[in-house]
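Residue-level listing of the chains:
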Amino acid sequence: MRSPALQLAVAMALSGTIGVCVVQSTLDPINFVFWRCVFGAISIGIWCLIHGLFFHFHTRGIIAAVACGALIVCSWTLFFTAYGLTSIATATIVYHIQPFFVIIAGAFFFKEKITRLQILWIVAAFIGVALSSGFLSKGMPAGDHALIGVMLALLAAAAYALITLVTKSIRNQCAEITTFWQLIAGAALLAPFARYSHLPGWSAWGWVIGAGVILTGLCYALMFNAYPHLSTATISSLTFIYPLVAILCDNLVYGHRLTVVQYIGATLIAVSTLGARFGWGMPRVVTRLARVQ
């Protein structure tokens, strides 16, 4: 694939199937994340070795990557736990509010200024979360488990936002090396908690290895290769292939269908994300109401 846009589209589409891998593996989230880190580190390590990338690293960069490793296992574990408490589609939609946590965290930790327009988009996005959670839909089972699932997905998004901020501070070190050390650190942190006596059957190993080699190693390689050649607008647009594929997989494989209200919420999150990133103006009515308040 020579087209960077096609590479990123394929990476996002493949990533959207991670929920099926988690469920079909029959592993609990901690064990699944552990093995994903193991096989992901092996595949990315081979990629780095073939391309001679192990000679291009910095001590400070590796330390930051290790810190990200702790955050990434927290994010993945929370996210995959949310699948079982709500649904793959709902958890994925809520998880994709993470760009707004990046804005909030940047303001909190680095005193970055948040504009009034960004605040409006953040509010709109969280309204989208409320709609997509399913609690406002008629006939939608709303229980404590589903509420906890939505909260875990939000915490997972917040953890991933911190990863984004820490990764931005890593300079003069290629993304593949950073990711390799993140996965090594993640596997090391979860190793004491993995239950080696309760491994899945042979048929389930395909899902586990596939998540590590294909959905982590291959997808990350495609993304890292595509990003330098694409505009921010293109990257932002193609990123939404991930939740669309997740929704489709959840529907086709497990029969979980979103309500109209949930689709409206998902659309609101997508529009808000793009609006905040590109500085789109809110409708005049909304802006006037905000001024009055």
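Residues numbered from 1 in each chain as written. Predicted model: local features only at pLDDT ≥ 70, side-chain atom pairs only at ≥ 80, totals over all residues. Heavy atoms only, no water.

As annotated in an unreviewed UniProt entry, the protein chain is DMT family transporter from Nguyenibacter vanlangensis.

### Observations regarding the environment of Cys74
We apply this condition: Segments assigned H or I by DSSP are reported as helices when at least four residues long, segments assigned E as strands when at least two residues long, and all are numbered from the N terminus.
If you trace the backbone, Cys74 turns up in helix H4 (residues 59-85). Residues Cys74 and Ala159 lie 85 residues apart in sequence; the distance between their C-alpha atoms is 7.0 Å.

### A few points about unusual backbone geometry
To keep it simple, the criterion reads: Relative accessibility thresholds used throughout: buried, under 20% of the residue-type maximum; exposed, over 50%; partly exposed, between the two (1.4 Å probe, protein chains only).
One non-glycine residue with positive phi stands out, namely Thr26, at about 65 degrees. With respect to the helices and strands, the residue Thr26 is situated in the loop between helix H2 (18-25) and helix H3 (29-50). Looking at Thr26, the relative accessible area reads 63%, which means it is exposed. With phi around 55 degrees, Lys111 is a residue other than glycine that occupies positive phi space. Residue position: Lys111 is located in the loop between helix H6 (98-110) and helix H7 (116-132).

### A closer look at helix H5 (residues 88-95)
Residues spaced three or four apart along an α-helix point in a common direction, a consequence of the helix completing one turn every 3.6 residues. Across the eight residues of H5, eight count as buried, placing the element largely inside the fold. For H5, the set of buried residues is Ile88, Ala89, Thr90, Ala91, Thr92, Ile93, Val94 and Tyr95.

### Here we look at helix H12 (residues 241-254)
Spelled out, the test is: How far a helix is expected to stretch is found by multiplying one less than its residue total by 1.5 Å. Any pair of residues with heavy atoms lying within 4.5 Å of one another is described as a contacting pair.
Given a rise of 1.5 Å per residue, 14 residues ought to cover 20 Å, and the 19 Å separating the end C-alpha atoms of H12 matches this to within 8%. Among all positions in H12, only Tyr242, Pro243, Val245, Ala246, Ile247, Cys249 and Asp250 are buried. Where H12 is buried, its residues contact helix H1 (4-15), H2, H4, H5, helix H11 (232-239) and helix H13 (260-278). Looking one or two residues past H12, Gly255 carries a phi angle of roughly 75 degrees, positive in sign.

### A look at the environment of Gln98
Mapping Gln98 onto the fold places it in helix H6. Ignoring any residue separated from it by four or fewer positions in sequence, one finds Gln98 in contact with Ala157, Tyr160 and Ala161.

### Concerning a nonpolar patch on the surface
Convention followed: Residues enter patches when they are more than 30% accessible in relative terms and free of salt bridges; like-charged ones are connected within 9 Å and nonpolar ones (Val, Leu, Ile, Met, Phe, Trp, Tyr) within 5 Å. Working definition of accessibility: Shrake-Rupley area with a 1.4 Å probe, residue cover restricted to the visible protein chains. Note on definitions: salt bridges are taken to be side-chain nitrogens of Lys or Arg within 4 Å of carboxyl oxygens of Asp or Glu.
Residues Ile209, Val213, Ile214 and Leu218 make up a contiguous nonpolar surface patch of about 280 Å² in total accessible area. One can find Val213 in helix H10 (residues 202-226). Taking the relative accessible area as the measure of exposure, Val213 reaches 35% and is therefore partly exposed.

### Overview of the UniProt feature "domain: EamA" (unreviewed entry) in the protein chain
Rules: UniProt positions are given in the numbering used here, feature names are shortened, and annotations may be inferred rather than shown by experiment.
According to UniProt, the "domain: EamA" (unreviewed entry) feature falls on residues 9-133 and 148-274. Here residues 9-133 is 82% helix and 0% strand, with 26 Å between the C-alpha atoms at its ends.

### A few points about the nonpolar core
Operational definition: Residues belong to a common nonpolar core when they are buried Ala, Val, Leu, Ile, Met, Phe, Trp, Tyr or Cys residues joined through side-chain atoms within 4.5 Å.
Core analysis: the largest hydrophobic core is formed by 77 residues, its most contacted members being Ile18 and Phe80. Apart from residues no more than four positions distant in its own chain, Ile18 is found in contact with Phe32, Arg36, Phe80, Tyr83, Ala211, Leu215 and Tyr242.

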